[in-house]
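What the coordinates show
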Amino acid sequence: MRLKISLLKEPKHQELVSCVGWTTAEELYSCSDDHQIVKWNLLTSETNQIVKLPDDIYPIDLHWFPKSLGIKKQTQAESFVLTSSDGKFHLISKLGRVEKSVEAHCGAVLAGRWNYEGTALVTVGEDGQIKIWSKTGMLRSTLAQQGTPVYSVAWGPDSEKVLYTAGKQLIIKPLQPNAKILQWKAHDGIILKVDWNSVNDLILSAGEDCKYKVWDSYGRLLYSSQPHEHPITSVAWAPDGELFAVGSFHTLRLCDKTGWSYALEKPNTGSIFNIAWSIDGTQIAGACGNGHVVFAHVVEQRWEWKNFQITLTKRRTMQVRNVLNDAVDLLEFRDRVIKASLNYAHLVVSTSLQCYVFSTKNWNTPLIFDLKEGTVSLILQAESLMRIMIILPKFTNKNANIKHHVMLYLFFQVIFLFEASTGKPLGDGKLLSHKNEILEIALDQKGLTNDRKIAFIDKNRDLYITSVKRFGKEEQIIKLGTMVHTLAWCDTCNILCGLQDTRFTVWYYPNTVYVDRDILPKTLYERDASEFNKNPHIVSFVGNQVTIRRADGSLVHISISPYPAILHEYVSSSKWEDAVRLCRFVKEQTMWACLAAMAVANRDMTTAEIAYAAIGEIDKVQYINSIKDLPSKESKMAHILMFSGNIQEAEIILLQAGLIYQAIQININLYNWERALELAVKYKTHVDTVLAYRQKFLETFGKQETNKRYLQYGEGLQIDWEKIKAKIEMEITKERERSSSSLSSKNMGLKH
């Protein structure tokens with residue numbers, strides 16, 4: 001990826017350009033110390049002077065009023081705020097008419113920013129004050145007072161906090177009175193620029209110490225650049241939060257959100273005082289100290305999937321290369337390419353007006369549909385789904401869906417699940433509420449809706465997994481690991497990988513936590529991850545190859561064993577004999593452990609017995625053998641569920657089948673005395689059995705009965721073990737007869 005620079009031979013301004021701002025993806029306004037406001041049209045390459053400001057007004061900062069959805073004719077949406085050296089800010093229309101000038105600060109107003117909803121304006125100045133204004137220019141409050149000039153300001157993603165500079169310090173101040181202020185030393189020199197992205201919640205800062213830095217919203221340093229030759233005078237996030245730009249003297253740099261640099265350009269611009277990204281995130285404009293406005297287009301982005309490599313060579317042209325046969329295809333589009341995604345044998349490309357879906361088998365006849373409004377900021381692909389998020393004002397979205405599948409959304413501490421084809425929530429719509437803020441989330445790629453799993457990382461860097469079908473059951477949110485920084489699901493089967501502290505970990509069968517948590521460690525693959533350095537990120541997990549990007553931007557490829565994926569394929573096709581043969585061929589404990597958990601999950605106890613024997617779990621082999629001897633299929637199913645820890649479901653199956661004694665007995669075996677007595681009393685059977693086992697239990701440990709309910713029902717009752725054993729034997733005989741009768745009826749039906 002690099003920047004394609006565009007710079008006129010002669011500048012359009014006579015003095016330094018202080019600020020720039022985009023109205024659309026093709027139209028820009030620039031302000032200069034020559035008092036001119038100039039409109040640039042990139043389609044026609046025309047420039048027009050909009051207005052000549054009075055000689056005493058030297059513009060410093062410009063910010064367009066955010067556009068609101070559903071208001072087609074809103075005059076304020078076609079206006080911008082301009083701060084100036086005379087202590088005022090000016091509300092100016094798109095046509096150049098000054099609608100209002102407001103006395104705001106003593107000394108120059110150094111920065112002004114609308115919040116994301118357009119309901120408030122913040123200004124900062126040489127007097128050290130931070131002020132909040134209404135959208136009509138009425139003063140609401142003075143948020144803070146500093147002893148030094150405040151050079152830059154930015155709103156938090158929720159428009160409830162403000163970030164501003166104070167010498168070498170950065171300060172985050174909530175709008176609510178008496179709320180806690182976050183302050184930290186960020187640079188060794190005066191901080192000149194800050195920016196706070198609403199998508200990734202990360203903060204950029206730049207200062208006279210010639211460094212730029214990336215912070216999280218808690219003030220923790222994520223990246224610090226090497227010192228440059230000159231002070232960093234401007235920084236700006238791309239709208240989607242994936243890239244940012246850095247400006248300095250004769251310097252324009254394009255960086256990844258983690259800090260490392262994609263490209264460095266050295267245009268003849270003087271210092272770049274202000275950087276603005278176009279709405280679609282494909283272009284940069286810079287306000288230059290020598291009167292120029294520099295434009296830079298992001299090109300040579302690359303997407304890879306298996307044997308295909310796609311490069312954006314020009315604004316409207318892509319090159320497709322098949323590395324197997326070195327075949328090359330060119331894809332040309334009517335409009336500028338904004339976003340693209342390559343996965344699952346399909347290429348999805350969004351331009352400013354249309355979306356194209358190509359198959360890797362045929363590059364000539366794409367599916368094309370129009371994008372009526374908004375800018376595509378995210379494309380997510382799954383095997384049977386393509387999802388496009390179109391970010392519009394007021395943070396609404398429009399969807400383009402192909403085929404039927406599940407989508408999930410993250411909202412702070414809550415995950416919501418929706419059917420992608422209808423947009424309707426699954427269940428009650430609220431899948432889970434977590435105690436901590438959720439940072440990263442991923443939905444597995446294979447299986448039916450009710451079998452799908454969600455993995456997520458919370459603020460404490462703990463990795464959890466939960467099932468789609470278990471709505472609201474907090475106990476089913478199970479921790480898989482700690483200190484997990486990044487994760488990804490395999491695209492071909494439900495294998496999960498993550499970078500965990502200093503280890504690269506692969507969970508070959510994460511569903512093991514729901515089946516037999518004891519053998520989960522035996523289903524893992526781990527290796528040292530120190531070679532990836534600090535803050536690596538998993539880019540993709542395709543087939544058996546994992547791609548990891550290190551903090552310096554370099555890519556590292558890791559190959560894992562192909563056998564677990566083959567095992568998943570055999571199990572999904574119910575080819576149990578082939579699965580056993582594969583495990584015998586590979587002779588690895590992880591394979592046998594995965595097969596054991598898969599067999600139990602699919603109720604194939606014969607295969608489970610073989611797999612557990614192979615990993616030395618003799619007690620579980622014996623339990624499986626005892627399950628085989630049970631007289632009815634309901635009892636077998638209940639004990640299989642108990643094997644997996646699903647006690648409540650096992651009890652329900654027995655009660656629905658009328659096997660009351662068996663339901664009571666499983667609670668006795670688990671020492672769940674309260675529930676055992678509750679069932680006996682409710683169904684008026686085997687109360688004496690429960691009391692007898694309770695008495696025997698207490699006598700074994702030399703205890704006296706203290707439970708009031710047991711004392712109540714045991715008062716005056718004589719325990720007769722012979723009678724109890726006869727009743728139990730009668731229950732077992734009755735279950736056998738019932739099972740035999742059911743089997744005979746089934747066989748008669750087959751004969752007829």
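Some points on the overall build of the protein
- In terms of helices and strands, the protein carries 13 helices and 54 strands.
- Counting every atom, the protein has about 35,500 Å² of accessible surface; 50% of that belongs to carbon and sulfur.

Observations concerning the sheet that holds strand β46 (residues 463–467)
- Pairing is antiparallel across the open sheet formed by four strands, whose spatial order is β44-β45-β46-β47. The sheet is open, and its two edges are formed by β44 (438–443) and β47 (478–481), each paired on a single side. Strand-to-strand, the axes of this sheet are offset by a mean angle of 30°, without reference to chain direction.
- Here β44 runs beside strand β45 (residues 453–458); their pairing, made up of five bridges, is antiparallel. Opposite L443, over in β45, you have I454 as the bridge partner.

Some details on the packing of helix α2 (residues 563–572) against helix α3 (residues 576–586)
- Contact geometry of α2 with α3 gives a least axis separation of 8 Å together with a crossing angle of 160°. Judged by the inter-axis angle, α2 sits roughly antiparallel to α3. Classified by chirality, the crossing of α3 by α2 is left-handed. Within the contact between the two elements, α2 uses Y563, I566, L567, Y570 and V571 and α3 uses W576, D578, A579, L582, C583, F585 and V586.

What to know about the nonpolar core
- Ranked by internal contacts, the top residues of the largest apolar core, which has 49 residues, are F504, L567, L595 and Y612.
- Element by element, the count of residues in this core is highest for helix α4 (residues 589–601), at 10 residues.
- Contacts of L595, omitting those with residues within four sequence positions, involve L567, V571, W576, A579, V580, C583, T607 and A611.
- Residues A650, L679, V690 and L691 belong to the second largest nonpolar core, which totals 21 residues.

A look at the packing of aromatic side chains
- Under the defined criterion, the tally for this structure stands at 25 aromatic pairs.
- Centroid distance W40 to F295: 5.5 Å. Interplanar angle 65°. Geometry classified as edge-to-face. A residue pair is termed long-range when its members are at least 10 positions apart, and W40 in strand β4 (residues 36–41) and F295 in strand β28 (residues 293–299) qualify at 255 residues.
- The exposure class of F295 is buried, given its relative accessible area of 11%.
- Consider the rings of Y563 and F585, whose centres lie 6.3 Å apart with planes at 75°: the pair is edge-to-face. On the criterion of sequence distance, the pair formed by Y563 in helix α2 and F585 in helix α3 is long-range, its members being 22 residues apart.
- With a relative accessible area of 58%, F585 lands in the exposed category.

A short note on the sheet that holds strand β21 (residues 221–224)
- Spatially, the four strands line up as an open sheet ordered β18-β19-β20-β21, and their pairing is antiparallel. The sheet terminates laterally at β18 (191–196) and β21, the two strands that pair on one side only. Taken over all neighbouring pairs, the strand axes of this sheet differ in orientation by 20° on average, direction set aside.
- Direction of pairing for strand β20 (residues 212–216) relative to β21: antiparallel, over a ladder of three bridges. The partner of V214 across the bridge, within β21, is Y223.

Section: unusual backbone geometry
- Even without being a glycine, D501 presents a positive backbone phi close to 60°.
- Along the polypeptide, D501 turns up in the loop between β49 (496–500) and β50 (503–507).
- Given a relative accessible area of 45%, D501 falls into the partly exposed group.
- For N535, which is not glycine, the phi dihedral falls at a positive 55°.
- Take N535: it is sitting in the loop between β51 (524–528) and β52 (537–542).
- Residue N535 is classed as partly exposed on the basis of its relative accessible area of 42%.

Quick notes on the pattern of salt bridges
- Tallying each qualifying case throughout the model produces 30 salt bridges.
- When the shortest N-O distance is used, the salt bridge between K88 and E103 registers 3.9 Å. Linking K88 in strand β8 (residues 88–93) with E103 in strand β9 (residues 98–103), this pair joins segments that are 15 residues apart in sequence.
- Between D280 and R336 there is a salt bridge, with its nearest N and O atoms 2.3 Å apart. Here the residue D280 occupies a position in the loop between β26 (272–277) and β27 (283–288), and R336 occupies one in the loop between β32 (327–332) and β33 (337–343), the gap between them amounting to 56 residues. This pair shows no difference in class: D280 is buried, exactly as R336 is.

Cut-offs used in this document
Residues numbered from 1 in each chain as written. Predicted model: local features only at pLDDT ≥ 70, side-chain atom pairs only at ≥ 80, totals over all residues. Heavy atoms only, no water. Helix = DSSP H or I, 4+ residues; strand = E, 2+ residues; numbered from the N terminus. Areas by Shrake-Rupley, 256 points an atom, 1.4 Å probe, with all protein chains shown as cover. Pairing = 2+ DSSP bridges. Axes fitted to C-alpha atoms, helices over the stretch in contact; angles between N-to-C directions. Parallel < 35°, antiparallel > 145°, perpendicular 65-115°, else oblique. Left-handed = near helix turned anticlockwise from the far one by under 90°. Contact = heavy atoms within 4.5 Å. Core = buried A, V, L, I, M, F, W, Y, C linked by side-chain atoms within 4.5 Å. Buried < 20%, exposed > 50% of the residue type's maximum accessible area, 1.4 Å probe, protein only. Phe/Tyr/Trp six-rings, centres within 6.5 Å; stacked < 30°, edge-to-face > 60°. Salt bridge = Lys/Arg side-chain N within 4 Å of Asp/Glu carboxyl O.

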